[in-house]
Amino acid sequence: MIKEFKEFISRGSVMDLAVGVIIGGAFTSIVKALVNYLINPLIGLFIGGIDFSDWVLKIGSATFRFGSFINAVINFLIIAFVIFLLVKAVNKLVNKKKVVKITPEVQLLEEIRDLLKKQN
């Protein structure tokens with residue numbers, strides 16, 4: 001069982017996942033700082049200097065910090081957008097590498113097919 005665990009943990013995909021989680025954690029702290037110190041003050045300029053993190057709703061002894069929730073949603077949207085851009089860029093790079101070379105035989109067959117389509 002220990003041998004199987006060693007094989008499992010040493011697989012590339014597990015190590016890639018671990019690196020991704022660590023980088024994701026670091027990236028999350030950067031995005032939090034971006035939202036808290038740059039984006040929220042900028043939004044606050046347009047809506048009258050309001051800081052979302054101070055928005056609370058008290059009902060009896062319960063305190064609902066929905067401003068912090070708004071910050072979390074903004075964080076999520078920024079992270080999701082950046083990941084979207086990264087995946088899009090990687091897909092563009094990967095698709096460029098998969099250029100298929102057409103052999104002369106395939107090219108000739110395509111020309112024949114096109115001529116047959118024109119005749120019909």
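Predicted model, so just to flag it, every value in this text is computed and none were measured.

**A few points about the overall build of the chain**
For step 1, the next point in the chain: Along its length, the chain carries four helices and two strands.
For step 2, the next point in the chain: For the chain, the sequential pattern of α-helices and β-strands runs α-α-β-β-α-α.
For step 3, the next point in the chain: In summary, the chain has a C-alpha radius of gyration of 26 Å against a globular reference of 14 Å for 120 residues, an excess of more than 25%.
For step 4, the next point in the chain: Dimensions of the chain along its principal axes, counting C-alpha atoms only, are 80 × 55 × 25 Å.
For step 5, the next point in the chain: Taken over 120 residues, the chain has a buried fraction of 10%.
For step 6, the next point in the chain: Counting contacts in the chain only where the partners sit at least 6 residues apart, residues at least 24 apart contribute 38% of the total.
For step 7, the next point in the chain: Accessible area of the chain: about 10400 Å², with a carbon and sulfur share of 70%.
For step 8, the next point in the chain: Averaging the locations of the 15 positively and 9 negatively charged side chains of the chain gives two centres separated by 4 Å.

**Quick word on a nonpolar patch on the surface**
For step 1, the next point in the chain: On the surface, a nonpolar cluster with roughly 810 Å² of combined accessible area is contributed by Leu-57, Ile-59, Phe-64, Phe-66, Phe-69, Val-73, Phe-76 and Leu-77.
For step 2, the next point in the chain: If you list the elements that add at least two residues to the nonpolar patch, you get strand S1 (57-59) and helix H3 (66-97).
For step 3, the next point in the chain: Among the elements that make up the nonpolar patch, the one with the highest residue count is H3 (five residues).
For step 4, the next point in the chain: Looking at the element boundaries, Phe-76 is found in helix H3.

**Some words on the nonpolar core**
For step 1, the next point in the chain: Membership of the largest hydrophobic core is limited to six residues, which are Val-31, Val-35, Phe-52, Ile-74, Ile-78 and Ile-79.
For step 2, the next point in the chain: Listed by contribution, the elements that provide at least two residues to this core are helix H2 (12-46) and H3.
For step 3, the next point in the chain: Top element by residues in this core is H3. It accounts for three residues.
For step 4, the next point in the chain: If sequence neighbours within four positions are ignored, Ile-79 has contacts with Phe-27, Thr-28 and Val-31.

**Considerations on the environment of Ala-33**
For step 1, the next point in the chain: Among the secondary structure elements, Ala-33 is positioned in helix H2.
For step 2, the next point in the chain: By relative accessible area, Ala-33 is classed as partly exposed at 32%.
For step 3, the next point in the chain: Considering only alpha carbons, one finds Ala-33 and Asn-75, 42 residues apart in sequence, at a separation of 9.4 Å.

**Digging into the packing of aromatic side chains**
For step 1, the next point in the chain: A complete count under the given rule lists two aromatic pairs for this structure.
For step 2, the next point in the chain: Relative to Phe-66, the ring of Trp-55 has its centre 5.8 Å away and its plane inclined at 50°; by these criteria the two rings are tilted. Residue Trp-55 is located in the loop between H2 and S1, and its partner Phe-66 is located in helix H3; the two are separated by 11 residues in the primary sequence.
For step 3, the next point in the chain: With a relative accessible area of 27%, Trp-55 lands in the partly exposed category.
For step 4, the next point in the chain: Its relative accessible area of 37% is what places Phe-66 among the partly exposed residues.

**Side note on the environment of Ser-13**
For step 1, the next point in the chain: Tracing the backbone shows Ser-13 in helix H2.
For step 2, the next point in the chain: Along the primary structure Ser-13 and Thr-103 are separated by 90 residues, whereas in three dimensions their C-alpha atoms are 35 Å apart.

Definitions and cut-offs
Residues numbered from 1 in each chain as written. Predicted model: local features only at pLDDT ≥ 70, side-chain atom pairs only at ≥ 80, totals over all residues. Heavy atoms only, no water. Helix = DSSP H or I, 4+ residues; strand = E, 2+ residues; numbered from the N terminus. Rg over C-alpha atoms; globule rule 2.2 N^0.38 Å. Buried < 20%, exposed > 50% of the residue type's maximum accessible area, 1.4 Å probe, protein only. Contact = heavy atoms within 4.5 Å. Areas by Shrake-Rupley, 256 points an atom, 1.4 Å probe, with all protein chains shown as cover. Lys, Arg positive; Asp, Glu negative; His and termini not counted. Charge placed at Lys NZ, Arg CZ, Asp CG, Glu CD. Patch = residues over 30% accessible without salt bridge, like charges linked within 9 Å, V, L, I, M, F, W, Y side chains within 5 Å. Salt bridge = Lys/Arg side-chain N within 4 Å of Asp/Glu carboxyl O. Core = buried A, V, L, I, M, F, W, Y, C linked by side-chain atoms within 4.5 Å. Phe/Tyr/Trp six-rings, centres within 6.5 Å; stacked < 30°, edge-to-face > 60°.

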